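Results of the structural survey
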2 protein chains.
Amino acid sequence: MLLHTVRVVRTAKSVPYRLAARSFSSLDLIPDEPSTPQVVTERIPGPKGIAASAEINTFQDSRTHVIVPNYEISKGNYLVDADGNALLDVFAQISSIALGYNVPALLKLGRSEEFVRAALNRPALGSFPPVQWAEWIKTGLLTVAPKGLDQCITTLCGSSANETAFKCAFMAYRQRERGSPDAPFSQEELESCMLNHSPGSPQLSVLSFKSGFHGRLFGSLSATRSKAIHKVDIPAFDWPSAVFPSLKYPLQDHVAENKAEEKRCLEEYEQILINSKLTNPVAAVIVEPILSEGGDKHASPSFFRSLRLIARKHGAFFIADEVQTGVGATGTFWAHEKWGLKEGEEPDFVTFSKKMQAAGVYHKKETRPNAPYRNYNTWMGDPIRALQARKMIQLIGENNLVAHTAVTGQLLFSSLSSVFSSSAVSGKVYNLRGQGQGTYIAWDMASPQMRDTFLSKMRNNGIQIGGCGDATVRLRPMLTFGEKHADILTGTVEKVLKEL
Amino acid sequence: MLLHTVRVVRTAKSVPYRLAARSFSSLDLIPDEPSTPQVVTERIPGPKGIAASAEINTFQDSRTHVIVPNYEISKGNYLVDADGNALLDVFAQISSIALGYNVPALLKLGRSEEFVRAALNRPALGSFPPVQWAEWIKTGLLTVAPKGLDQCITTLCGSSANETAFKCAFMAYRQRERGSPDAPFSQEELESCMLNHSPGSPQLSVLSFKSGFHGRLFGSLSATRSKAIHKVDIPAFDWPSAVFPSLKYPLQDHVAENKAEEKRCLEEYEQILINSKLTNPVAAVIVEPILSEGGDKHASPSFFRSLRLIARKHGAFFIADEVQTGVGATGTFWAHEKWGLKEGEEPDFVTFSKKMQAAGVYHKKETRPNAPYRNYNTWMGDPIRALQARKMIQLIGENNLVAHTAVTGQLLFSSLSSVFSSSAVSGKVYNLRGQGQGTYIAWDMASPQMRDTFLSKMRNNGIQIGGCGDATVRLRPMLTFGEKHADILTGTVEKVLKEL
């Protein structure tokens, strides 16, 4: 059994983090946040939640409902459900709430005339952008642009962000094959694409990784390799997938094995890139810095740096899918910052959505399509989500919330390590991971059933928490989650694990 | 030359429409709407607009910009640009503004606490729907559900609405092949889909029509057949396309020819459905009631009814793509209402977006996926757009705006017919179409260059107007567009055509 032993980090290096953590309290941003969960029904969901789901089920599938919240009275890290249960939310709408519910500074933005008029006068951004558009983006999304990427295409969701990156990559790849940005399309290309045939609709592919998740539209789903139920019965492009390393934990006890595992995966990956050139060349490689839906799978910075460099070596563009990992939860604003890429080695595309609320693609100017209307649609994003992102980015900066999350994650990881090392939970919990990745922490449980029971019991004990992969529990708290929340979470995890 | 001659409809049947038109004025909803366009710069865009585009171009492609509006001071049917030009807008953000800019009743919604809290507490709707969700949908989107369709999946845009319908159709098709809704997937299916191979990723297709437009993500783009520049260099599924009729105008002068043309297309269409069974069976047929981006191509109600029935005969689901045609502009709430489908013949799926602001799919309960999480994603729509749709639907009903648009369209069509019959515009304008389709009116010009010059000169004369297809001008005014706007539009069309 591979239990992670306690290794509480208390080095000099961690001291600044510790201070940063102490300097921010969620009450700074959400003065009336509850201090503890409140559970008022015997089970969650309670009778009102069950009735609300049944009502929705008359017109929309409710089988995936977890709880039916009352968002109007939820506060900060606490999500209140239809029955009045106030749950500490460490899942955050599938990792999509950055700061909390009803944060006064965000509600103030929502009540501003600027926001209201942007919301009710929605433009076709590609042709009729608002006169404030440059200001909104330059003082918002562009202030957190990953190093080396100064272009930003906005979209409406993570799936369309990834597909936009795919399209840019395919267009740039073909244009490179034509020899120059100005080289014209051939008549055969223009005619064959209208029939969905090559050469106009080219035999090109996107390489992704087993257990990776990149969305559920037809292109992004072809790259997604999370679960069969996400993919079965849906036609897919014949795109290749490579094996992602399965690391053993604790990392420091398996250094050589893990290094060999990563080497094995890199070799297979490069071989796929080579082999595909004959049939379905890889125009782009896409990977999440932490494979999230697929079970929170990590790999070393050097593994990712190799992925990037090998992609380039074989002429493939490189896409870092930061839809779930982006916006601070891993203790850096972007998770790929930890890879140690040098100048010029940056990903060609970084995609974002979820906690950013705005979605889109950061990229370099050389991957702009060579003609207008090639990357174009009606809305091309939503200005109010750009305004919301701008405000959240400002609040994250002012409150130093990325550093705060880095240290909160250190504390949380240490506490969970302590809990999991107890003989009382022996045989239930494995592979605690995410050390040094902020609050982006996960562990496996002995079986999928035990994991599901655990999630349900956590909820009944006041914690809204989520799973991923087959038997994994993933933590995705907000950036305002701090030591006091971590104490409640750890205490409840311990209680529920002992009762399992 | 096939000019449409003047046929002003003044039958008894049209009287109620005429009365309805007179009974509504845009001032009812937008009391301070300007009375005429105001052009203050020599050309449009003016210097401030050009500077704003250049600023945006530092981080985002600006080649598709038309004008840079100031949405804060735009009003009703009038769009004000960065230079202060107030243009009568008959393009409406590519057919996506239903009622006008800064409509007080909509701004009031935007300022409500309900809207603000819904905007800043965005849920993962599939798992954590707000407690008001059933009420919001039942009193909004469901009140205009097409006959026979009582289920509604929400999405974020038209492309994803269409792809959601495709996915539902593929899942239902394969489940039907398995013999029952409860029939399990085979192990081979579950394994092969993870490799994007059949049988798990099946060889199935969506049939669409040449000149059809259904979106620009990878699945929807494979069904889109509008222009090569939309498709070239992007891998596509090997899905079939059928020819859509090219009708001759005026319709009443070409009855036999047009009937023969539709018959020819139906025969080809059925043959494709039959032939595809051997290689790549058609699981779904998708068509717009008026092929819009592709050049405003119309066909008869009986043609569409045949499409629907032939699809069923060959086991294909039928999707009416009402993303652009929906929400009243054609003089009925849904354009497919005019097809005369009997009970049980309804489309299996009707998709919507654009003017509805909310996007999604209406369908029947039998096309719900047989297991949870098969049709699922993080956001599954946006509650504020559902709230906005609800309010707009209420305003459309209270002000009788669908009937208003039907009669405004009659008047506008008659006026344009008069203008186009003048010898002064001879050789410039062809194929006026859209009679009886509300304000969904279009015509062709002698060349793409002449069309583009016309659009630009219209703008310089105070009208923001759009094109489609190769040389087509399409009108897409809002539902508050009335006789006074039609007079300004027609007068300007006449002036500009004469100057061309």
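Here the structure is a predicted model, which means the values were calculated and not measured.

Here the focus is the overall build of chain A. If you tally the helices and strands in chain A, you get 17 helices and 14 strands. Expected size for 500 residues packed as a compact globule is a radius of gyration near 23 Å; at 23 Å, chain A falls within 12% of this value. Overall, chain A is about 70 × 60 × 50 Å in size when its C-alpha atoms are taken along their principal axes. Residue burial in chain A is summarised as follows: out of 500 residues, 67% are buried.

This next bit is on the sheet that holds strand β1 (residues 78-80) of chain B. Strand order in the open sheet made by the three strands is β1-β2-β12 (chain B), with mixed pairing throughout. With one partner strand each, in any of the chains shown, β1 and β12 (463-464) of chain B form the two edges of the open sheet.

Here we come to the sheet that holds strand β10 (residues 429-433) of chain A. Residue and element names in this part refer to chain A. Pairing in this open sheet of four strands is antiparallel, and the strands run β10-β11-β14-β13 from one edge to the other. The open sheet has two edge strands with one neighbour each: β10 and β13 (466-468). Along the sheet, successive strands turn relative to each other by an average axial angle of 30 degrees, direction set aside. Across three bridges, β13 lies against strand β14 (residues 472-474) in antiparallel orientation. Among the inter-strand pairings, C468 is bridged to a residue of β14, identified as T472.

Our next topic: the packing of aromatic side chains. The relative placement of two aromatic rings is captured by the distance of their centres and the angle of their planes. Enumeration according to the criterion identifies 49 aromatic pairs over all chains in this entry. With a centroid separation of 6.0 Å and an interplanar angle of 50 degrees, the aromatic rings of Y71 of chain A and Y101 of chain A are classed as tilted. Within this pair, whereas Y71 of chain A is found in the loop between α3 (47-56) and β1 (78-80), its partner Y101 of chain A is found in the loop between α4 (92-95) and α5 (104-111), the two being separated by 30 residues in sequence. For the pair Y71 of chain A and Y101 of chain A, one class covers both residues: buried. Judged by centre distance (4.9 Å) and plane angle (65 degrees), the ring pair of Y373 of chain B and Y376 of chain B falls under edge-to-face. Judged by relative accessible area, Y373 of chain B falls into the partly exposed class, the value being 34%. Through a chain of ring-to-ring contacts, the aromatic side chains of F166, F170, F218, F237 and W239 of chain A together with F166, F170, F218, F237 and W239 of chain B assemble into a single cluster. The ring centre of W379 of chain B lies 3.6 Å from the NZ or CZ of R122 of chain B, which sits over that ring.

Here the focus is the confidence of the model for chain A. Counting all residues, the mean pLDDT for chain A is 95, and 96% of those residues have values of 70 or more. Predicted complex, confidence summary: ipTM 0.95, pTM 0.95.

Okay, the interface of chain A and chain B next. In this complex, chain A contributes 124 residues to the contact, which on the side of chain B involves 124 residues. With both chains or domains summed, chain A and chain B bury close to 11,300 Å², and 57% of this area falls on carbon and sulfur atoms. Between the two partners, chain A and chain B, sit 12 salt bridges. A salt bridge links D233 of chain A to R178 of chain B, with the shortest nitrogen-to-oxygen separation between them at 2.5 Å. Top element by residues in the side of chain A that touches chain B is helix α8 (residues 158-178) of chain A. It accounts for nine residues. In the side of chain A that touches chain B, the residues fall into 61 nonpolar, 34 polar and 29 charged.

The residue R459 of chain A is located in helix α16 (residues 448-460) in this model. Buried and without a salt bridge, R459 of chain A has D452 of chain A as its closest oppositely charged side chain, separated by 8.2 Å.

In total, this model carries 58 salt bridges over all chains according to the counting rule given. Ionic pairing is found between D233 of chain B and R174 of chain A, a salt bridge with its closest N-O pair at 3.8 Å. Placement of the pair is D233 of chain B in the loop between α11 (228-231) and β5 (241-242) and R174 of chain A in helix α8, with the two residues belonging to separate chains. The exposure classification of D233 of chain B matches that of R174 of chain A, with both residues buried. Between E33 of chain B and K484 of chain B there is a salt bridge, and its shortest N-O distance comes to 3.8 Å. With E33 of chain B in the loop between α2 (26-29) and α3 (47-56) and K484 of chain B in helix α17 (residues 483-499), this residue pair connects regions lying 451 residues apart in the sequence. Taking relative accessible area as the criterion, E33 of chain B reaches 7% and is therefore assigned buried. The exposure class assigned to K484 of chain B is partly exposed, which follows from its relative accessible area of 35%.

So, about unusual backbone geometry. Residues I44 of chain B and P45 of chain B are joined by a peptide bond in cis, for which omega reads 5 degrees. Tracing the chain through its elements places P45 of chain B in the loop between α2 and α3. With an omega of 10 degrees, the peptide bond between S198 of chain B and P199 of chain B qualifies as cis. Of note, P199 of chain B is situated in the loop between α9 (187-192) and β4 (205-209). Its identity as a non-glycine residue notwithstanding, S211 of chain A has a phi of 80 degrees, on the positive side. Mapped onto the secondary structure, S211 of chain A falls in the loop between β4 (205-209) and α10 (218-223). Exposure remark for S211 of chain A: the relative accessible area of 16% places this residue in the buried category.

Parameters and conventions
- Residues numbered from 1 in each chain as written.
- Chains lettered and ligands numbered in written order.
- Predicted model: local features only at pLDDT ≥ 70, side-chain atom pairs only at ≥ 80, totals over all residues.
- Heavy atoms only, no water.
- Helix = DSSP H or I, 4+ residues; strand = E, 2+ residues; numbered from the N terminus.
- Rg over C-alpha atoms; globule rule 2.2 N^0.38 Å.
- Buried < 20%, exposed > 50% of the residue type's maximum accessible area, 1.4 Å probe, protein only.
- Pairing = 2+ DSSP bridges.
- Axes fitted to C-alpha atoms, helices over the stretch in contact; angles between N-to-C directions.
- Phe/Tyr/Trp six-rings, centres within 6.5 Å; stacked < 30°, edge-to-face > 60°.
- Lys NZ or Arg CZ within 6 Å of the ring centre and 35° of its normal.
- pLDDT = per-residue confidence, 0-100.
- Contact = heavy atoms within 4.5 Å.
- Buried area = accessible area lost by both parts, 1.4 Å probe.
- Salt bridge = Lys/Arg side-chain N within 4 Å of Asp/Glu carboxyl O.
- Nonpolar A, V, L, I, M, F, W, Y, C, P; charged D, E, K, R; others polar.
- Lys, Arg positive; Asp, Glu negative; His and termini not counted.

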